[in-house]
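# Analysis of the macromolecular model
For reference, the chains in residue letters:
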Amino acid sequence: MDTMFVRGLKRKCFDGEEDIEGTLAGIKAIPSYNLQRQSLLDMSLVKLQLCHMLVEPNLCRSVLIANTVRQIQEEMTQDGTWQMINTQSTGQASLDRLVSTDILCRSSRDQAEGKHVPAYGTFNKDFENDQAQDSSDTMSTASAVQAPRNLQSSVWEMENPQENKGNFQKSLDQIFETLENKSPNSVEDLFSEVDNSYYDLDTMLTGMMSNTKMGHCDSLETFSSSTNTASNSNCKSDLNDLDHIVEILVES
Amino acid sequence: MGAILKPRTLPRLRAAPSRSRPRSRPRSRGSPRHGRSVSPPGPRAGTGRAGPGPGPAGPRERGAGRAAPAAAAGCGARRAGPGAGRFAPSVPPSLAHRPFSSAVVARAAGDGGGSSSEVQWCFLQVKGAIDEDVAEADIISTVEFNYTGDLLATGDKGGRVVIFQREQETKSRPLSRGEYNVYSTFQSHEPEFDYLKSLEIEEKINKIRWLPQQNAAHFLLSTNDKTIKLWKISERDKRAEGYNLKDEDGRLREPFRVTELRVPTLKPMDLMVEASPRRTFANAHTYHINSISVNSDYATYLSADDLRINLWHLEVTNRSFNIVDIKPANMEELTEVITAAEFHPHHCNVFVYSSSKGTIRLCDMRSAALCDQHSKFFEEPEDPSSRSFFSEIISSISDVKFSHSGRYMMTRDYLSVKVWDINMENRPVETYQVHEYLRSKLCSLYENDCIFDKFECCWNGSDSTIMTGSYNNFFRTFERNMPRDTTLEASRESSKPRAILKPRKVCTTGKRKKDEITVDSLDFNKKILHTAWHPMENIIAVAATNNLYLFQEKVN
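For the structure given in this document, a descriptive report is provided here. Computed from a prediction, not measured in an experiment: that's the story for all the values here. (Residues numbered from 1 in each chain as written. Chains lettered and ligands numbered in written order. Predicted model: local features only at pLDDT ≥ 70, side-chain atom pairs only at ≥ 80, totals over all residues. Heavy atoms only, no water.)

On a plain count of helices and strands, chain B comes out with five helices and 32 strands. A buried classification covers 57% of the 556 residues belonging to chain B. Accessible surface, chain B: about 24,000 Å² in total, of which carbon and sulfur atoms supply 51%. (Helix = DSSP H or I, 4+ residues; strand = E, 2+ residues; numbered from the N terminus. Buried < 20%, exposed > 50% of the residue type's maximum accessible area, 1.4 Å probe, protein only. Areas by Shrake-Rupley, 256 points an atom, 1.4 Å probe, with all protein chains shown as cover.)

What follows is the structure, given as structure tokens:
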């Protein structure tokens, strides 16, 4: 009975390859190690996003995962993998990048075009791809990151896309900031958008979330939550609200 | 509005205890009577009055930095030095005055030959339902014996507290040898909703800590993520009858029917155990409370969340003092959180707290009001050869416990238990591997989140053995002096009365011997996170999801 794997993700782990961990054991092994490291990074970012969306994020867990992500990023910077990824840059592939390299490898032309495809739309598809593919293509394994990046990338773009990997740090910081500074309007937006989306693939695929993604940063500054949520709401969210209110009434 | 409310699919426990709770016959009705104040005779806890009889030290003692109070009348049992053990006023004076190490262990070992022979554990009882479907609210989240070991409290995810009491050995049932039966059940915390943050506050009981008994009633602190409550559990076996103005059923009598004066008399009644909340300590924690610890002065206690530690006085609910604050000015720089904290058992000015980076800081409250500067810093240097991306996560300390003597402290990280001498900061004096075979599986355990499980650990009364839990309902004991370790399983299969627990073994090599279990067949959903050891005898309580197992030492 294999109870260790809750998810359906294909295993891309360090199990069974004891010597690879922490060392680069030769040129042949490098792609494999990088791949594993990559998948670890993806997994961590998804986890961070997951706990971002939970009702009560566990701060200890978030901090530990964030530190792991930082550690991976530092190592990737040190052994130059960052640069490797940098050099390969195509229009479509930019979506499949790591969270931070999204910034690194964006050419000024791309930025000028204001390219921002709602990545949630591709979330489901890429998720399936991730399971299916044999991880021979190291570049596209970052697809699982679509979900968290969405939340962050819009913020980055509005801030300063030109900055270098310092923005990656910023993405983690955003997560902590939102954990910390939960103002009613931002929280409503935060949870209104992701709550429905995460549990409803249909909503995700129809790209309804894209509206709120763009408006996310705005709502942090201005109190425009009502309009945003109104534009977002569908029957499902109304039902959720109703349930929510009924629950409160019943409890009290 | 769109705010998230986690869907609750389980019925809430109101007045009556859930029927899935303990199987043994309840000793009393145990119905919670919230709000009733049945005032006990005698001094209240923590008032500092130097009255007759055992009492707390009071504020005047704390500044002196001594652990023991100036011998309050009749309670000379407490000692400041090592080997004193926990203070227990109801312990017979002969036992209290003697250091624990030799006397109790020899008695408990049952062979009279000291602690040289291995302890054999046998099954005593199991509490909880056997259903395969475990309601999440029934999952036990904390287990704690009181100072005498006569009471055992458990808290669960549904916010309920169940207290078991040990039966007195009677001549009529000599073999019952102290079974634990339900004493009281009450709903400690209710789920709340934080409207400001649009977040639900879980009612799960994170920790229970008993206060030493000072009068007929028992007091304990129980906490969820945000609020700590002081509960009083008292017995009532008499009721007043013959009121002057009231009928027997409580209705007011007609004035013209009151023709004579009569004074109520006390009549015996069936024993009823009441639990009433006496204090609520709220609104002091922004983050989730992970620890509470009662100070040795029995007047104060600390509560720790992820970033801050607060000091409370048991009598004062509207004020607490922040003594540790590791929140960075910029939350972006946050890399470390507090994971556990505990007061020193004898020095009321000393406490320790552990972090997610595997460090322990010992602080002295006399040095400063805000103890951000530690007095001692415990960290084991990392072994560079075993470094991996998971090194930090598995080094995160999930529990820290002082020994009864106060000389040592024990920390539990993901794969090991370490015993530290508080006089030596650079490395632990002992390290025990709990389940080293999981080291090669860390990636999978990270994937399914098991790597974030927080295991607790505990000492036995004499500090000679430590115990902690593992997966597959395994738990492990480590005898420090031998060194000898045992792996046991809390399962229904070995739940026959007085059945001896067979040691289990996990197969780490390719060849699996008979009765061994391979790593891949371990059930990672069956985890033992909470265990407790009776303060004086070899009785252990092990929480396995929704079941509480009690094991005691085999007596010949």
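So, on to the overall build of chain A. Across its full length, chain A holds 13 helices and zero strands. Beginning at the N terminus, the succession of helices and strands in chain A can be written as α-α-α-α-α-α-α-α-α-α-α-α-α. Of all 252 residues assigned to chain A, the portion counted as buried reaches 54%.

Residues and elements named next belong to chain B. Pairing in this open sheet of four strands is antiparallel, and the strands run 8-9-10-11 from one edge to the other. One side of each edge strand has no neighbouring strand; the edge strands of this open sheet are strand 8 (207-210) and strand 11 (265-281). Ignoring strand direction, the axes of neighbouring strands in this sheet form an average angle of 25 degrees. (Pairing = 2+ DSSP bridges. Axes fitted to C-alpha atoms, helices over the stretch in contact; angles between N-to-C directions.)

Turning our eyes to something else, we now look at the environment of A499 of chain B. Residues and elements named next belong to chain B. Here A499 shows up in the loop between strand 27 (484-489) and strand 28 (505-507). Counting along the chain gives 376 residues from A499 to F123, while the straight-line C-alpha distance between them is 5.4 Å. When neighbours within four sequence positions are excluded, A499 is seen to be in contact with W121, C122, F123 and S494. (Contact = heavy atoms within 4.5 Å.)

Residues and elements named next belong to chain B. Of all five residues that make up strand 21 (residues 408-412), five are buried, and the element is covered over most of its length. In strand 21, alternate side chains face the same way, and those of Y408, M410 and R412 on one face and M409 and T411 on the other are all buried. Examined bridge by bridge, strand 20 (residues 399-402) and strand 21 share four bridges and lie antiparallel to one another. Bridge pairing in strand 21 places F402 opposite M409. Turn length for the strand 20-strand 21 hairpin, with the two strands adjacent in sequence and antiparallel, is five residues, and the turn residue G406 shows positive phi of about 90 degrees. Across five bridges, the pairing between strand 21 and strand 22 (residues 416-421) is antiparallel. Following the sheet pairing, T411 is matched in strand 22 by K418.

On to the pattern of salt bridges. Oppositely charged side chains may form a pair once their charged atoms are brought near each other. One pass over the full model with this rule turns up 34 salt bridges over all chains. Among the ionic pairs, R160 of chain B bridges to D156 of chain B, the shortest N-O distance being 2.9 Å. A salt bridge links K238 of chain B to D237 of chain B; the nearest nitrogen and oxygen atoms lie 3.5 Å apart. D237 of chain B gets classed as partly exposed once you look at its relative accessible area, which sits at 35%. The structure contains a network of salt bridges with shared partners spanning R37, E75 and D79 of chain A. (Salt bridge = Lys/Arg side-chain N within 4 Å of Asp/Glu carboxyl O.)

With that out of the way, let us pick up the environment of R236 of chain B. Residues and elements named next belong to chain B. Within the secondary structure, R236 sits in strand 10 (residues 228-241). Since its relative accessible area comes to 19%, R236 is described here as buried. A sequence separation of 33 residues divides R236 from M269, and the C-alpha atoms of the two residues are 8.1 Å apart. For R236, the side chain forms a polar contact with the side chain of E274, separated by 3.1 Å. (Polar contact = N/O pair within 3.5 Å; in protein donor to acceptor, adjacent residues only side chain to side chain.)

Tallied over the entire structure, the rule returns 20 aromatic pairs over all chains. Judged by centre distance (5.1 Å) and plane angle (70 degrees), the ring pair of F281 of chain B and W312 of chain B falls under edge-to-face. Taken together, the residues span a long stretch of sequence, with F281 of chain B in strand 11 and W312 of chain B in strand 14 (residues 308-313) at a distance of 31 residues. No difference in accessibility class separates F281 of chain B from W312 of chain B, as the two residues are buried. When the ring of Y414 of chain B is compared with that of F455 of chain B, the centres are 6.3 Å apart and the planes differ by 50 degrees; the resulting orientation is tilted. Of the two residues, Y414 of chain B sits in the loop between strand 21 and strand 22 while F455 of chain B sits in the loop between helix 5 (442-447) and strand 24 (457-459), which places them 41 residues apart along the sequence. Taken individually, Y414 of chain B and F455 of chain B each receive the classification buried, so the pair is uniform in this respect. In this arrangement the basic side chain of K47 of chain A is found over the ring face of Y446 of chain B, its NZ or CZ atom lying 5.3 Å from the centre. Across from the ring centre of Y243 of chain B, 4.7 Å away, lies the NZ or CZ of K246 of chain B, which sits over that ring. (Phe/Tyr/Trp six-rings, centres within 6.5 Å; stacked < 30°, edge-to-face > 60°. Lys NZ or Arg CZ within 6 Å of the ring centre and 35° of its normal.)

Residue and element names in this part refer to chain B. The antiparallel open sheet is built from four strands, whose spatial order is 16-17-18-19. The open sheet is flanked by strand 16 (338-343) and strand 19 (376-378), the only strands paired with a single partner. The mean inter-strand angle of the sheet, taken between neighbouring strand axes irrespective of direction, is 20 degrees.

A few words now on the side chain of D306 of chain B. Locating D306 of chain B in the fold gives a position in the loop between strand 13 (300-304) and strand 14. K454 of chain B provides the closest opposite charge to the buried, salt-bridge-free D306 of chain B, at an N-O distance of 6.7 Å. (Lys, Arg positive; Asp, Glu negative; His and termini not counted.)

A few words now on helix 2 (residues 59-78) of chain A. Residues and elements named next belong to chain A. With 20 residues, helix 2 extends 28 Å from end C-alpha to end C-alpha; this agrees with the ideal 28 Å at 1.5 Å per step. With respect to burial, helix 2 is a largely interior element, 16 of its 20 residues being buried. At the exit of helix 2 stands G80, carrying a positive phi of roughly 80 degrees. (Expected span 1.5 Å × (residues − 1).)

Here we come to unusual backbone geometry. All names here are of chain B. At the junction of M482 and P483, the peptide bond is cis and its omega measures out at -10 degrees in the coordinates. With respect to the secondary-structure elements, P483 resides in the loop between strand 26 (474-479) and strand 27. The phi dihedral of R498 falls on the positive side, at around 60 degrees, and the residue is not glycine. In this structure, R498 sits in the loop between strand 27 and strand 28. Even without a glycine there, the phi angle at T545 is positive, about 55 degrees.

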